[in-house]
Amino acid sequence: MLATSFNKFIGLLLVTLSLSGCIRSPEWTLFYFADAADKTDHTLQHDVIKGYYDTLEQCQAKGSGLVRIQGVTVTEQVDFTCGQKCETLDNNQIDCQQLMSDKDFLKQL
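A brief structural summary. (Residues numbered from 1 in each chain as written. Predicted model: local features only at pLDDT ≥ 70, side-chain atom pairs only at ≥ 80, totals over all residues. Heavy atoms only, no water.)

Let's talk about the sheet that holds strand E1 (residues 28–32)
Phase 1: Pairing within the open sheet is antiparallel, and its 4 strands lie in the order E2-E1-E3-E6. For this open sheet the edge positions go to strand E2 (49–53) and strand E6 (98–101), each flanked by a neighbour on one side alone. Neighbour-to-neighbour, the strand axes of the sheet open up by a mean angle of 20°, direction not taken into account.
Phase 2: Relative to E2, E1 runs antiparallel, the two being bridged by 4 bridges. The residue of E2 that forms the bridge with Thr29 is Tyr52.
Phase 3: Across the face of the sheet, helix H2 (residues 56–70) comes into contact with E1, E2, strand E3 (80–84) and E6 while running at roughly 20° to E1. (Pairing = 2+ DSSP bridges. Helix = DSSP H or I, 4+ residues; strand = E, 2+ residues; numbered from the N terminus. Axes fitted to C-alpha atoms, helices over the stretch in contact; angles between N-to-C directions. Contact = heavy atoms within 4.5 Å.)

Here is the structure:
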């Protein structure tokens, strides 16, 4: 009887913990443009999203890693942007509270 109650408690605890991870949203979204069909179009769209990150540093590290892996040279053209607290609007446009481009990131180095 005690073992059954304990097993139910553990099961409930595991379900609660797994659900709490689902409601937490990431702070930063990585938009990566270097492999987009139109490299001059830097519109924030769902097809250029490459991940979601808790911190700006994680987002920038992933973006700069993608640039290095693909061998893209650093030019004046923006290759990635990290957006803070992004959301999709009713017209399917993406709106972010703050944007940091790879050029902003390189200035920090």
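Having seen the model, we can carry on.
Some thoughts on the nonpolar core
Phase 1: Grouped together as the largest cluster of nonpolar side chains are 12 residues: Trp28, Leu30, Tyr32, Ala34, Tyr53, Leu56, Cys59, Leu66, Val67, Phe80, Cys82 and Met100.
Phase 2: A per-element tally of this core places H2 first, with 4 residues.
Phase 3: Grouped together as the second largest cluster of nonpolar side chains are 8 residues, Phe31, Phe33, Leu44 and Cys96 included. (Core = buried A, V, L, I, M, F, W, Y, C linked by side-chain atoms within 4.5 Å. Buried < 20%, exposed > 50% of the residue type's maximum accessible area, 1.4 Å probe, protein only.)

Thoughts on the side chain of Thr81
Phase 1: Checked against the element boundaries, Thr81 lands in strand E3.
Phase 2: On the accessibility criterion, Thr81 (9% relative accessible area) is buried.
Phase 3: Excluding its chain neighbours within four sequence positions, the residues that come into contact with Thr81 are Thr29, Leu30, Phe31, Phe33, Leu99, Met100 and Ser101.

Here's the deal with the environment of Thr43
Phase 1: Note on placement: Thr43 falls in the loop between E1 and E2.
Phase 2: Excluding its chain neighbours within four sequence positions, the residues that come into contact with Thr43 are Phe33, Val48 and Gln93.

Section: unusual backbone geometry
Phase 1: Look at Lys85: it is not a glycine, yet its phi comes out positive at around 50°.
Phase 2: Inspection of the secondary structure puts Lys85 in the loop between E3 and strand E4 (87–88).
Phase 3: When its relative accessible area of 42% is taken as the criterion, Lys85 is described as partly exposed.
Phase 4: A positive phi angle, near 70°, is found at Asn92, a position not held by glycine.
Phase 5: By secondary structure assignment, the location of Asn92 is in the loop between E4 and strand E5 (94–95).

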